[in-house]
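Read off the chains here:
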Amino acid sequence: MDCRPDCGACCTAPSISSPIPGMPEGKPANTRCVQLSETNLCMIFGSPLRPKVCSGLQPTAEMCGSTREQAMTYLLELEALTAP
């Protein structure tokens with residue numbers, strides 16, 4: 001499955017504990033990654049600087065739903081279920 005254009009939910013909803021260029025402490029949940037462009041594309045996609053957790057997250061129909069709002073809801077619920 002390909003990413004939906006202009007979505008960026010997976011770069012906003014989940015927390016990331018590993019360093020990201022521009023976010024050395026990672027990022028909290030429901031916070032836009034600084035590496036997410038204005039058109040919601042990852043600016044370090046394919047770079048070794050991209051956290052492994054990001055490159056490991058693959059889009060699925062269940063995760064992405066049919067709208068960005070559905071993807072955000074799913075990912076924020078998953079974040080809450082897996083929070084320590």
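An account of the accompanying structure is given in this report. (Residues numbered from 1 in each chain as written. Predicted model: local features only at pLDDT ≥ 70, side-chain atom pairs only at ≥ 80, totals over all residues. Heavy atoms only, no water.)

Here we come to the overall build of the protein. Looking only at helices and strands, one finds three helices and zero strands in the protein. Relative to the 2.2 N^0.38 estimate, which gives 12 Å for 84 residues, the radius of gyration of the protein is 12 Å and therefore close to what a compact globule would have. For the protein, with 84 residues in total, the buried portion stands at 32%. Relative to all contacts within the protein whose residues are 6 or more apart in sequence, the contacts with residues 24 or more apart total 45%. Carbon and sulfur atoms make up 61% of the accessible area of the protein, which totals about 5500 Å². Side chains of the protein give 6 positive and 8 negative charges; the mean places of these two sets differ by 5 Å. (Helix = DSSP H or I, 4+ residues; strand = E, 2+ residues; numbered from the N terminus. Rg over C-alpha atoms; globule rule 2.2 N^0.38 Å. Buried < 20%, exposed > 50% of the residue type's maximum accessible area, 1.4 Å probe, protein only. Contact = heavy atoms within 4.5 Å. Areas by Shrake-Rupley, 256 points an atom, 1.4 Å probe, with all protein chains shown as cover. Lys, Arg positive; Asp, Glu negative; His and termini not counted. Charge placed at Lys NZ, Arg CZ, Asp CG, Glu CD.)

With that out of the way, let us pick up empty space enclosed by the protein. A full pass over the atoms with the stated rule returns one cavity of 30 Å³ or more. Every residue along the wall of the largest cavity is listed here: C11, I16, I20, C33, Q35, L36, C42, I44, R50, P51 and C54. (1 Å grid on protein atoms, 1.4 Å probe; cavity = no way out; pocket = protein on both sides within 12 Å on 5 of 7 lines; lining within 4 Å. Points joined across faces, edges and corners; volume = space filled by probe spheres on them.)

The subject of this paragraph is the nonpolar core. Among the nonpolar cores identified, the biggest contains eight residues, and these are C7, A9, A13, M63, C64, A71, M72 and L75. Within the residue set of this core, elements represented by two or more residues are helix 2 (61–64) and helix 3 (68–82). Considering every element that reaches this core, the biggest residue donor is helix 3, with three residues. Core analysis: the next-biggest nonpolar cluster, separate from the first, contains seven residues, M23, C33, L36 and I44 among them. (Core = buried A, V, L, I, M, F, W, Y, C linked by side-chain atoms within 4.5 Å.)

Its volume calculated, the largest pocket comes out at about 800 Å³. Forming the boundary of the largest pocket are 33 residues, of which C10, C11, R50, C54 and L57 lie nearest the centre. Elements with a minimum of two residues in the lining of the largest pocket: helix 1 (52–56), helix 2 and helix 3. No other element matches helix 3, which puts five residues into the lining of the largest pocket.

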